[in-house]
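One letter stands for each residue in the lines below.
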Amino acid sequence: QVKLVESGGGLVQPGGSLRLSCAASGLRFSIVDMNWYRQAPGKERELVAGVSRGAITNYIDSVKGRFTISRDNAKNSVYLQMNSLKPEDTAVYYCHSVTPAGTQYWGQGTQVSVSS
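Rules and cut-offs
- Numbers given to residues run from 1 along each chain, matching the order in which its sequence is written.
- In view of the model being predicted, local features appear only for residues whose pLDDT reaches at least 70, and side-chain atom pairs are presented and counted only at 80 or more, with totals across whole chains, interfaces and linings using the full set of residues.
- Excluding hydrogens and water, the side-chain figures rest on all heavy atoms present in the structure.
- Pairs of cysteine sulfur atoms within 2.5 Å are what we label disulfides.
- Elements are defined by DSSP. Helices are runs of H or I of four residues or more, strands are runs of E of two residues or more, and each kind is numbered from the N terminus.
- Three exposure classes are used, based on accessible area relative to the maximum for each residue type with a 1.4 Å probe and protein chains only: buried under 20%, partly exposed in between, and exposed over 50%.
- We define a salt bridge as a side-chain nitrogen of Lys or Arg found within 4 Å of a carboxyl oxygen belonging to Asp or Glu.
- By the convention used here, strands pair only if DSSP detects at least 2 bridges between them.
- Where helices are involved, their axes are fitted lines through C-alpha atoms of the stretch in contact, as for all axes, and angles between N-to-C directions lie from 0 to 180°.

Engineer: What is the right way to read the state of the cysteines from this model?
Structural biologist: Joining two cysteines, a disulfide is a covalent bond between their sulfur atoms. Under the defined criterion, the tally for this structure stands at 1 disulfide. Disulfide pairing places C22 opposite C95 at an S-S distance of 2.0 Å. Between C22 and C95 the sulfur-sulfur dihedral comes to about -80°; the bridge is accordingly left-handed. Note that C22 is positioned in strand β3 (residues 18-25) and C95 in strand β9 (residues 91-98), a separation of 73 residues in sequence. Assessed through its relative accessible area of 1%, C22 is described here as buried. Judged by its relative accessible area of 0%, C95 is buried.

Engineer: Please clarify how the pattern of salt bridges should be interpreted in this entry.
Structural biologist: Pairs can form between side chains of opposite charge whenever their charged atoms are close. Evaluation of the coordinates by the stated rule reveals 4 salt bridges. Close ionic contact of E46 with R38 constitutes a salt bridge, the shortest N to O distance being 2.7 Å. Of the residues examined, E46 reaches a relative accessible area of 28% and is grouped as partly exposed. For R38, a relative accessible area of 4% gives the class buried. One salt-bridge network, in which partners are shared between bridges, spans R38, E46, R66 and D89.

Engineer: Even after reading the chapter, I still don't get the sheet that holds strand β7 (residues 67-72), so can you show me in this structure?
Structural biologist: In any sheet, the strands associate via hydrogen bonds between backbone groups, in a parallel or an antiparallel arrangement. Taken together, the 4 strands give an open sheet; going across it, the order is β1-β3-β8-β7, and neighbouring strands pair in antiparallel fashion. Each having just a single partner strand, β1 (3-7) and β7 make up the two edges of the open sheet. Going across the sheet, the axis of each strand differs from the next one's by a mean of 15°, ignoring polarity. Sheet topology note: the β3/strand β8 (residues 77-82) ladder contains 6 bridges and is antiparallel. Its bridge partner lying in β8, S21 is registered against Y79.

Bear in mind that shape data such as this cannot, by itself, settle questions of function.
Structure representation (structure tokens):
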């Protein structure tokens, strides 16, 4: 009964900001690694940012300095603060979890569109 639910996507102008949220249920959130992936039309799904169970963060080079991933274990949630958005950031963003056993879970995705 694991469920990941994303929210916060939308349409913004270049240079704008969005904050994505992912609410997790049905898993021991504090011991899983959490990630944000994205997939643009015609492109391969890519890992954007991750935060480990120990709160260590990593980012793909193209979003460093613009995006910030964080987690709130008390709320079983992970967030992605997205600033200085560019049209190339347009994609469906997916919340992703991997347990210590290697089991992976995916959210349904939330659309982020950056356009004038």
